[in-house]
Amino acid sequence: MTTISAVHIPLEERSAQTRMASPSRFGDKAFELLTLTMALAVVVLIILIGWQLWNGSSLAIKKFGFRFLTTSTWDPVAEQFGALPFIYGTLVSSLIALLIAVPLSIATAAYLTELAPLWIRQPLVSLIEMLAAIPSVILGLWGIFVMIPWLREYPFPLLKRFFGWTPFFTGPIYGPSMLAGGIIIAVMILPIITSVSREILRSVPNLQREAAYALGATRWEATRIAVLSYAKKGLFGAVILGLGRALGETMAVTMVIGNTPQIAASLFQPGYTLASVLANEFTEATTDMYVQALFEIGFVLLGITILVNLLAQLLLRTIRTTSATRAVQ
Amino acid sequence: MHFERAHNHTWRKIKSTLASTVAFVSAILVIAPLALVFLHLLVNGAGSVNWDFFTKLPAPVGATGGGMVNAIVGSLELLALAGAIGIPVGVLGGVYLAEYGSTRVNLILRFLADVLNGVPSITWGVVVYGLVVLRFKGFSAYAGGLALSLIMIPLILRTTEEVVLLVPNGYREAALALGVSRWKTIVHIVMKTASKGIITGILLALARVGGETAPLLFTAFGNRFWNHSLSQPIAALPLQIFTYAISPYDDWHRQAWAGALVLVTGVFCVNVIVRLLTQGRSASVV
């Protein structure tokens, strides 16, 4: 059959078919290759960022070795570089931020998905998205001229009066401090933890809620037993994702943390973070070893944030698949 | 017995109301910074946003007055440079993930893009400093634009992939059945259908990097005058706000507030446009 019909196709029509077929097949190949090249950009970027930071700091890594992470002298003139105060500052400021942001964000997410009246939900979500859109430098500006004077006036003296017996709230109150840095980071990560937690809570199957209500649970009991505890793992993922952002937060922290490389127990003392030291000192670095040490700081920062983000991705991935599969069952 | 049960029930209801109240107060506390920042931007910045601000160069150090016209234009130039690299790479890469890639390849690429999205923005500044600034011996608009574009690529890639996947398969099948080649189907049917979503993603990415300061500190570097060549340092609005905010001069603080008000207005305008485009479908902040 096919051979017969093929024979009957007029010559010019057949050549038209072949003429059309070959360039379009070429176009398909070319377009696929083009888009593939662009998609591979993410692979190139990962390699590039790792290679550049490693390469830029190789001399410092060779010279200081592991000491770089465990000593706390940062003296560019004597070419002695120890990153411990910056690592400490990054971890402590992020921890403060999490302590403030996590309860607020998860409570807000629960409010948005479970407890709030329907009409209030969408406007609140829009407002939280707007908060996420505020550039870091503007929060820093607000931190310097509004938040810090207010903190110095009211909350800090109160903390000192009631908790002055702990080592965390002792000593003189300057204003720019580890605590101020932690608070501004908390503001920066509130939106991301809230919106990811909200997504997680929304993905909890309705069957869970219905079962709780059928047993006579109140709204809060249903939220606590059927929704929050079901979504525990995903919420943990949201918190870790927030931690990843907190560790790398730069401008707002740099503007309020005081930028002093020291390890002090009191949160009223100024501190310094990995990201802040990059922001402040990169353009001032004159000697090769100084630049190398700063590249190594960047390398350490990248390492920490990538590890934290990997953990967050893993947690969020499993919760998505398992909740999906459970919902189907 | 009966009384006790009723009492218990009342207590549980009170607890439920209490929990709702606590959650409500949390929500208020979460959006309080937004309201406070806005209020102070208006109070401190509105008085200084005037004709001079949009038309004059910064005044010499010590003198009062002047504006930020070079920083506003500089920010737009940097966004154009960043978009020229970031938009095509991000959009076409996203199309690959949605249209061609095998499940396993996509899983890896998507994962890498998410990891890149979590890389602190200052790190991109450090990388571009090493790649471009050290190599070509100088800060430049090109370096700044490149740093911003590298942040845009994974952002745009992920949003493009998501919206292209939303296009129903019937559209593709209909076009292919009519003898349209695959790539023409993708460009003219699939991407056209998803164009609103793709543009939304691009706008959000531009708004995000438009407010970035950290990656510009040692790439674009900033400039108190007009930038006459893209291979020279260039001013940017967020950089100028940072420099003025940490300076000791009152007049510069005043201008920092004005600059911040202008920047926030720009960023929010883009977000409102996005909201109108998506019409009620909430745009993800992640």
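Residues numbered from 1 in each chain as written. Chains lettered and ligands numbered in written order. Predicted model: local features only at pLDDT ≥ 70, side-chain atom pairs only at ≥ 80, totals over all residues.

Draft legend 1. Local environment of the domain arrangement of chain B. All names here are of chain B. For chain B, the assigned domains are domain 1 (2–48) and domain 2 (51–278). When each unit is reduced to the centre of its C-alpha atoms, the spacing between domain 1 and domain 2 is 36 Å. With 5 residues of domain 1 at the contact, the number on the domain 2 side is 8 residues. Classifying every residue of the side of domain 1 that touches domain 2 gives 2 nonpolar, 3 polar and no charged. (Domains from an automatic or database assignment. Contact = placed C-beta atoms within 7 Å. Nonpolar A, V, L, I, M, F, W, Y, C, P; charged D, E, K, R; others polar.)

Draft legend 2. Quick peek at the interface of chain B and chain A. Taken together, the contacts link 74 residues of chain B with 78 residues of chain A. Among the elements that line the side of chain B that touches chain A, the one with the most residues is helix H1 (residues 2–45) of chain B, at 18 residues. For the side of chain B that touches chain A, the class distribution of residues is 53 nonpolar, 16 polar and 5 charged. (Helix = DSSP H or I, 4+ residues; strand = E, 2+ residues; numbered from the N terminus.)

Draft legend 3. Quick peek at the packing of helix H6 (residues 84–115) of chain A against helix H10 (residues 178–202) of chain A. All names here are of chain A. Between H6 and H10, the least distance of the axes is 6 Å, while the angle of their chain directions is 35°. Crossing geometry of H6 relative to H10 is assigned as right-handed. For the contact of H6 with H10, the per-class residue count stands at 20 nonpolar, 10 polar and 3 charged. (Axes fitted to C-alpha atoms, helices over the stretch in contact; angles between N-to-C directions. Left-handed = near helix turned anticlockwise from the far one by under 90°.)

Draft legend 4. Main features of the nonpolar core. By size, the foremost hydrophobic cluster in this structure holds 198 residues, and its most contacted members are A:Ile138, A:Ile184, A:Ile189, A:Leu278, B:Ala220, B:Ile241 and B:Ala260. Examining the composition of this core, we find that 17 residues originate from one element, H6(A), more than from any other. (Core = buried A, V, L, I, M, F, W, Y, C linked by C-beta atoms within 7 Å. Buried ≥ 20, exposed ≤ 12 C-beta atoms within 10 Å, placed from the backbone.)

Draft legend 5. Quick peek at unusual backbone geometry. One non-glycine residue, A:Asn259, lies in the positive phi region at around 50°. By C-beta crowding, A:Asn259 is classed as buried, having 21 other C-beta atoms within 10 Å. Here B:Lys137, not a glycine, exhibits a phi torsion of approximately 55°, which is positive. The residue B:Lys137 is located in the loop between helix H5 (121–133) and helix H6 (141–166) in this model.

Draft legend 6. The environment of B:Gly266, seen in detail. Structurally, B:Gly266 can be placed in helix H11 (residues 250–278). Separated by 95 residues in the primary sequence, B:Gly266 and B:Tyr171 place their C-alpha atoms 36 Å from one another.

Draft legend 7. How the structure looks around helix H9 (residues 195–210) of chain B. Residues and elements named next belong to chain B. Its 16 residues place the ends of H9 22 Å apart at the C-alpha level, agreeing with the 22 Å of an ideal helix rising 1.5 Å per residue. Counting buried residues along H9, 12 of its 16 residues qualify, which places the element largely inside the surrounding structure. Along H9, the residues that are buried comprise Gly197, Ile198, Thr200, Gly201, Ile202, Leu204, Ala205, Leu206, Ala207, Arg208, Val209 and Gly210. (Expected span 1.5 Å × (residues − 1).)

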